[in-house]
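The chain contents come next:
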Amino acid sequence: MAQGALEELAGLLEGKGARRYGLSDVNQLQHALQAALLAEQGGCDAALITAALLHDIGHMVHGLGENPADEGIDDRHEELGRAYLAPLFGPEVTEPVRLHVPAKRYLCATEADYFGRLSADSVLSLKLQGGPMSAAEVAAFRALPHAEAAVQLRRFDEGAKVAELVTPPVAHFLPYVQACLRG
């Protein structure tokens, strides 16, 4: 099962990853590889590196086109991604994936300069995702077991939009993914 799951995930990233990533100058694969590289360079564990690599897999498994936010649609890719990954991984991978969108809303509510650092596509999707969190939502988010990992993932997400950045290939990150796969 593990080898088949690895091949399926790598194929999805390398196949559908050629799609444009929102309004940025990178595609889905480049974004995923950059996020995973940032997690690896940050000394994160295998679970967070895997979550970084796969955090936007929901964009690759829906049929809503390359940029549904442009059409005013919240594709809920974080929920789709969690659902897609849940049979393969435990919550240490799936929860940061699910929570990386709420983490953006959290950071916009708790860090005065965070909103100003968002890319144009992140600003557009933020509106569709509910905008910055309220004080009650912030408190509830902070209480979640994987909130800290989701915030780290969110920071990698925002930093993973550099045109023409050279990264290792998908195969480089597969040992981390394999280490996290359920038996």
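A. View of the overall build of the protein. Check the secondary structure of the protein and you find 10 helices and zero strands. Looking at the protein as a whole, 52% of its 183 residues are labelled buried. A separation of at least 24 residues holds for 72% of the contacts in the protein among residues at least 6 apart in sequence. For the protein, the exposed surface amounts to about 8200 Å²; the carbon and sulfur share of it is 54%.

B. Spotlight on the packing of helix H2 (residues 28–41) against helix H10 (residues 170–180). Running from N to C, H2 and H10 cross one another at 55 degrees; their axes reach a closest spacing of 11 Å. What the angle tells us is that H2 and H10 run oblique. Of the two elements, H2 crosses H10, and the hand of that crossing is left-handed. Each of Leu29, Leu33, Ala36, Leu37 and Glu40 in H2 lies in contact with H10, whose residues at this interface are Val170, His172, Phe173 and Tyr176. Here the residues of the contact of H2 with H10 are counted per class, giving seven nonpolar, one polar and one charged.

C. The arrangement of the nonpolar core in detail. If you look at the biggest cluster of nonpolar residues, it comprises 38 residues, and the most contacted ones within it are Leu13, Leu53, Leu54 and Phe89. When contributions to this core are tallied by element, the ones reaching two or more residues are helix H1 (2–16), H2, helix H3 (46–54), helix H4 (57–61), helix H6 (91–110), helix H9 (147–159) and H10. Non-local contacts of Phe89, meaning those with residues more than four positions away in its chain, are made with Leu9, Thr50, Leu54, Thr94, Val177, Cys180, Leu181 and Arg182. Membership of the second largest hydrophobic core comes to 15 residues, among which are Cys108, Tyr114, Met133 and Phe141.

D. Here's a closer look at the side chain of His100. Of note, His100 is situated in helix H6. Owing to a relative accessible area of 0%, His100 belongs among the buried residues under this scheme. If sequence neighbours within four positions are ignored, His100 has contacts with His55, Asp56, His77, Glu78, Ala150, Leu153, Arg154 and Asp157.

E. Inspection of empty space enclosed by the protein at higher detail. Evaluated as defined, the whole model comprises two cavities of 30 Å³ or more. Of the pockets and cavities examined, the second largest cavity occupies roughly 30 Å³. Residue lining of the second largest cavity: Leu13, Gln28, His31, Ala32, Ala52, Leu53, Leu54, His55, Asp56, Ile57 and Met60, and that is the complete set. When contributions to the lining of the second largest cavity are tallied by element, the ones reaching two or more residues are H2, H3 and H4. Across the lining of the second largest cavity, the residue classes tally to seven nonpolar, three polar and one charged.

Criteria and cut-off values
Residues numbered from 1 in each chain as written. Predicted model: local features only at pLDDT ≥ 70, side-chain atom pairs only at ≥ 80, totals over all residues. Heavy atoms only, no water. Helix = DSSP H or I, 4+ residues; strand = E, 2+ residues; numbered from the N terminus. Buried < 20%, exposed > 50% of the residue type's maximum accessible area, 1.4 Å probe, protein only. Contact = heavy atoms within 4.5 Å. Areas by Shrake-Rupley, 256 points an atom, 1.4 Å probe, with all protein chains shown as cover. Axes fitted to C-alpha atoms, helices over the stretch in contact; angles between N-to-C directions. Parallel < 35°, antiparallel > 145°, perpendicular 65-115°, else oblique. Left-handed = near helix turned anticlockwise from the far one by under 90°. Nonpolar A, V, L, I, M, F, W, Y, C, P; charged D, E, K, R; others polar. Core = buried A, V, L, I, M, F, W, Y, C linked by side-chain atoms within 4.5 Å. 1 Å grid on protein atoms, 1.4 Å probe; cavity = no way out; pocket = protein on both sides within 12 Å on 5 of 7 lines; lining within 4 Å. Points joined across faces, edges and corners; volume = space filled by probe spheres on them.

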